Amino acid sequence: MAEVSKSRPISPHLTIYRFKPTMWMSIVHRITGGALYFGTILMAWWLVATASGEESFNTMNAVYGSIVGQIVLFGYTWALLHHMMGGIRHLVWDTIHAIEKEQSTRLAQATLVASVCLTLLVWIIGYIVR
Amino acid sequence: MSLRTPLSRVRGLGASRGGTEHFWRQRLTAVANIPLLAFFVIFVIAYNGADYETLTGALGNPIVAAIMGLVIISGLIHMRIGMQVIVEDYIHEEFAKLAILMLNTFFTLIIGALCLFAVIKLGFGG
Ligand code: HEM
């Protein structure tokens with residue numbers, strides 16, 4: 001058994017495939033998932049600073065409101081919405097829908113378009129209601 | 001040395017020893033995450049730029065606090081399993097893998113403890 005488990009195939013073999021939209025979106029899904037993992041620190045600081053009192057709330061607000069803060073939050077918004085769209089795509093595939101070549105490619109392209117549009121929408125509304 | 005045949009072992013839990021439990025829980029939390037994180041994004045947009053009293057008031061609403069708690073729990077269970085999959089894909093050295101999986105659990109629990117305590121404190125009125 002030991003030899004078998006040593007030589008069993010390991011994933012993922014990125015280097016042997018031709019890049020296609022579905023493959024790009026698969027990689028991006030993993031990267032955004034990993035980014036969101038560390039992005040939970042942003043959520044934790046937001047909640048902990050707010051729960052700690054007005055002074056720490058104001059510090060947090062100033063950092064998140066700065067240019068760098070806004071850029072990071074913009075990236076976080078896109079990562080979250082893109083991962084959400086990608087996740088929905090995965091769930092659709094799990095029900096054995098849209099897995100044909102053309103459909104899956106179109107779905108992959110749609111996730112990117114949707115995530116970019118939604119991110120812009122969220123930020124435009126965010127600035128309007130502010 | 002086990003007397004069970006390889007087939008019998010695989011039928012139960014498979015090579016990961018966890019069977020399909022992680023796969024299923026990843027889907028379950030993915031489905032739950034869709035409305036929960038949509039709520040989170042909308043909440044943040046609605047209260048962006050709000051002052052301290054307004055935000056703490058909103059987070060003091062029991063329904064908001066309860067949903068926020070679910071956002072945290074579902075999101076963290078999901079991300080811990082997700083990160084475990086990534087680690088298992090790329091880290092093949094047994095000790096390093098165990099150590100990083102342990103850190104994965106610690107990170108999740110620390111973020112979870114901080115977020116949940118903050119949400120509960122705010123829920124009880126700061
Ligand atoms: C917003 C709703 C979300 C949905 C619908 C969703 C959906 C999914 C799905 C279906 C997978 C499995 C993909 C696969 O099998 O290849 C996945 C993986 C993952 N998710 Fe999410 N997710 C969401 C939010 C989040 C959040 C908030 C985080 C982090 C805090 C996160 C972190 C991850 C990670 C780290 C993975 C593993 C990525 C990989 O294996 O390539 N997800 N997500």
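What counts as what
Residues numbered from 1 in each chain as written. Chains lettered and ligands numbered in written order. Predicted model: local features only at pLDDT ≥ 70, side-chain atom pairs only at ≥ 80, totals over all residues. Heavy atoms only, no water. Core = buried A, V, L, I, M, F, W, Y, C linked by side-chain atoms within 4.5 Å. Buried < 20%, exposed > 50% of the residue type's maximum accessible area, 1.4 Å probe, protein only. Helix = DSSP H or I, 4+ residues; strand = E, 2+ residues; numbered from the N terminus. Contact = heavy atoms within 4.5 Å. Axes fitted to C-alpha atoms, helices over the stretch in contact; angles between N-to-C directions. Parallel < 35°, antiparallel > 145°, perpendicular 65-115°, else oblique. Left-handed = near helix turned anticlockwise from the far one by under 90°. Buried area = accessible area lost by both parts, 1.4 Å probe. Salt bridge = Lys/Arg side-chain N within 4 Å of Asp/Glu carboxyl O. Polar contact = N/O pair within 3.5 Å; in protein donor to acceptor, adjacent residues only side chain to side chain. Donors = N, O, S within 2.8 Å, 3.2 Å for Na, K, Ca; no water. Tetrahedral: all angles 85-135°; square planar, octahedral: opposite > 155°, others 65-115°.

K.L.:
Break down the nonpolar core for me, with residues and values.
P.N.:
Within the largest apolar cluster, 46 residues are counted, with the highest numbers of intra-cluster contacts made by Trp 46 and Leu 47 of chain A together with Phe 40, Phe 43, Leu 59, Met 68 and Ile 72 of chain B. Elements represented by at least two residues in this core include exactly helix H2 (21–51), helix H3 (54–65), helix H4 (67–94) and helix H5 (101–129) of chain A together with helix H2 (21–46), helix H3 (52–59), helix H4 (62–90) and helix H5 (94–123) of chain B. For this core, the leading source of residues is H4 of chain B, giving ten residues. Not counting residues up to four positions away in its chain, the partners in contact with Phe 40 of chain B are Met 43, Trp 46 and Tyr 76 of chain A together with Met 68 and Val 71 of chain B.

K.L.:
Please give an account of the packing of H2 of chain A against H5 of chain B that cites residues and values.
P.N.:
Two quantities define a packed helix pair, namely the angle between the axes and the distance from one axis to the other. At a closest axis distance of 9 Å, the pairing of H2 of chain A and H5 of chain B adopts a crossing angle of 30°. On the basis of their axis angle, the class for H2 of chain A and H5 of chain B is roughly parallel. Note that H2 of chain A runs across H5 of chain B; the crossing there is left-handed. Here H2 of chain A contributes Tyr 37, Phe 38, Thr 40, Ile 41, Met 43, Ala 44, Leu 47, Val 48, Thr 50 and Ala 51 of chain A to the contact with H5 of chain B, which in turn contributes Asn 104, Phe 107, Thr 108, Ile 111, Leu 114, Cys 115, Ala 118, Val 119, Lys 121 and Leu 122 of chain B.

K.L.:
Any chance you could break down the interface of chain B and chain A for me, citing the residues and the numbers?
P.N.:
Interfaces are frequently sized by the accessible area removed from exposure as the parts join. With 46 residues of chain B at the interface, the matching set in chain A holds 34 residues. A combined buried area of about 3,300 Å² lies between chain B and chain A, and 75% of that area is made up of carbon and sulfur atoms. Along the contact surface separating chain B from chain A lie two salt bridges. Among the ionic pairs, Asp 94 of chain A bridges to Arg 27 of chain B, the shortest N-O distance being 3.0 Å. Applying the counting criterion to the chain B and chain A interface returns seven residue pairs in polar contact (both at pLDDT 80 or more). Elements with a contribution of two residues or more to the side of chain B that touches chain A: helix H1 (6–12), H2, H3, H4 and H5 of chain B.

K.L.:
So what about the coordination of the iron atom of the ligand? Which residues, and what values?
P.N.:
The iron atom of the ligand binds to the protein through His 83 of chain A (NE2) and His 78 of chain B (NE2); the donor distances cover 2.0 Å. Taken together, the six donor atoms coordinating the iron atom of the ligand and their angles of 87 to 179° define a geometry best described as octahedral. One end of the pair, His 83 of chain A, is in helix H4; the other, His 78 of chain B, is in helix H4, on a second chain. In this structure His 78 of chain B comes out as buried when scored by relative accessible area, which is 13%.

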